[in-house]
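Commentary on secondary and tertiary structure
One-letter residues, chain by chain:
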Amino acid sequence: MRACLVEEARKAMRDALRHESLEPVREAFGRAGLGTAKCLEHVRSLARAADVPKVFAGIVERVFGDQATAGDKIGLARWLLINASIVALERMGDLAVDDSVKGLFCAEFRFFAAPEIGWIKHFQPDYNASLRSMCRVALLQRFPAGQSQWELSGFPRSWLWKVPRRRLPSLLSFLTTNLRGTCPLFELHTSPRTIVLLEKEANQSYYRLAKALAMQPSIKGIIAASWFHSPETFRVSPHLAWLNDVFAENGAFLTTLGPAGPNSGFLTGSIARRKLYQKGEFKPTIGLVLWARNDAIAWAAAHPEFGEALPLSVEADR
């Protein structure tokens, strides 16, 4: 990875911490005698929180009391992320990932430092799961891959009861023979800032995951569970059917995990899908994808075009 990307990110974050827009947070932290260690503690608590708004409200109370404005709260979220990211930047060189992923980390850190006005809403704790996922990025627990991101995870045994009964024998066979276990796996997520799903960018993301698999022999494969990967979604939104093509054509195991909850995301982005759901003509389910490491690595080796001149920044990836 180019050293200039690290220096650009470091400078952007240090400049942001001195910027007048974050002065109220800087002063509040100074009055309370809080430093980087406390920032990291808060970021860790948000990264694992089941109720991010509640946890964040507690942090706001400790820093500002009951005097915080909406701007103060957004500034506080950025302050925490920036401080954690400065620490992460020093550890990033040890990550066993493609250099393009490290470049994307740098781009995420620059985003924390200087977000465009249209993206400020992502720093609000009640805006989907953006703040929690950004905290995980700042802690190097969530890896940017462009259109997608990934985390270290595994296959929960409780999901065995959610798989259609007729598919259970095949699933068990795949877990034991192909994956050779239920963990660790790379769990695939859509980036909170992805607006439109594009096939080329999806393949570039998968390529980055496959490269990381090749560099980390202990990881057994890739897992994804989302309404994006459900046949029912493709029935009402056929333009998304390509989402499973790479997996289906390259040895992955595909099935479903029962109904998707109304907060799982399928109601956003498509008026037609929302209307069909309201009329009972769309019954979304969670699609499950399991892709063994050897198959993913073999796919990437057969498609070097997705690794050629991989962009090193989020801005270049759009």
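Residues numbered from 1 in each chain as written. Predicted model: local features only at pLDDT ≥ 70, side-chain atom pairs only at ≥ 80, totals over all residues. Heavy atoms only, no water.

1. Observations regarding helix H6 (residues 99-113)
Put simply, the rule reads: Labels follow the DSSP assignment, with helices taken as runs of H or I lasting at least four residues and strands as runs of E lasting at least two, numbered in each case from the N terminus. The length a helix should cover is 1.5 Å for every residue beyond the first. Under the scheme applied here, a residue whose accessible area is under 20% of the maximum for its type counts as buried, over 50% as exposed, and between as partly exposed, the area being computed with a 1.4 Å probe on protein chains only.
For H6, spanning 15 residues, the distance from its first C-alpha to its last is 21 Å, which sits close to the expected 21 Å at 1.5 Å a residue. Counted residue by residue, H6 has 14 buried out of 15 residues, so it is predominantly covered.

2. Side note on the confidence of the model for the protein
Heads up, the rule is: Values of pLDDT, ranging from 0 to 100, describe the predictor's confidence in every residue of the model. Pairs of residues are marked as contacts when any of their non-hydrogen atoms sit within 4.5 Å.
Of all residues in the protein, 96% have pLDDT values of 70 or greater, and the mean over the chain is 91. Contacts of residues 314-318 to residues separated by more than four positions or lying in other chains number 16 contacts, the stretch itself having pLDDT below 50.

3. Overview of unusual backbone geometry
Between cysteine 183 and proline 184 the backbone carries a cis peptide bond, its omega angle lying at -5 degrees. Along the chain, proline 184 turns up in the loop between helix H8 (168-179) and strand S3 (185-190). Backbone geometry places leucine 140, a non-glycine residue, at a positive phi of 60 degrees. Tracing the sequence through the fold places leucine 140 in the loop between helix H7 (130-138) and strand S1 (142-144). One non-glycine residue, arginine 180, adopts positive backbone phi at about 60 degrees. Secondary-structure assignment places arginine 180 in the loop between H8 and S3.

4. Here's the deal with the pattern of salt bridges
Inclusion rule: Any Lys or Arg side-chain nitrogen found within 4 Å of a carboxyl oxygen on Asp or Glu counts as a salt bridge.
The final tally for this structure, using the stated rule, is 9 salt bridges. In this structure, the salt-bridge partner of glutamate 41 is lysine 38, at a minimum N-O distance of 3.2 Å. Residue glutamate 41 and its partner lysine 38 are located together in helix H3 (residues 36-47), separated by 3 residues, close to a single helical turn. Arginine 235 serves as the salt-bridge partner of glutamate 232, at 2.8 Å between the closest nitrogen and oxygen. Of this pair, glutamate 232 and arginine 235 both sit in helix H10 (residues 231-236), 3 residues apart, which is roughly one turn of that helix. The buried category is assigned to glutamate 232, whose relative accessible area is 17%.

5. Focus on the nonpolar core
Just so we agree on the cut-off: Working definition of a nonpolar core: buried Ala, Val, Leu, Ile, Met, Phe, Trp, Tyr and Cys residues. They are joined through side-chain atoms within 4.5 Å.
Ranked by internal contacts, the top residues of the largest apolar core, which has 103 residues, are Leu76, Phe109, Phe112 and Leu290. With 11 residues, the single largest contributor to this core is helix H5 (residues 70-91). Once residues within four sequence positions are removed from consideration, phenylalanine 112 is found in contact with Arg78, Leu81, Ile82, Ser85, Phe123, Met134, Val137 and Ala138.

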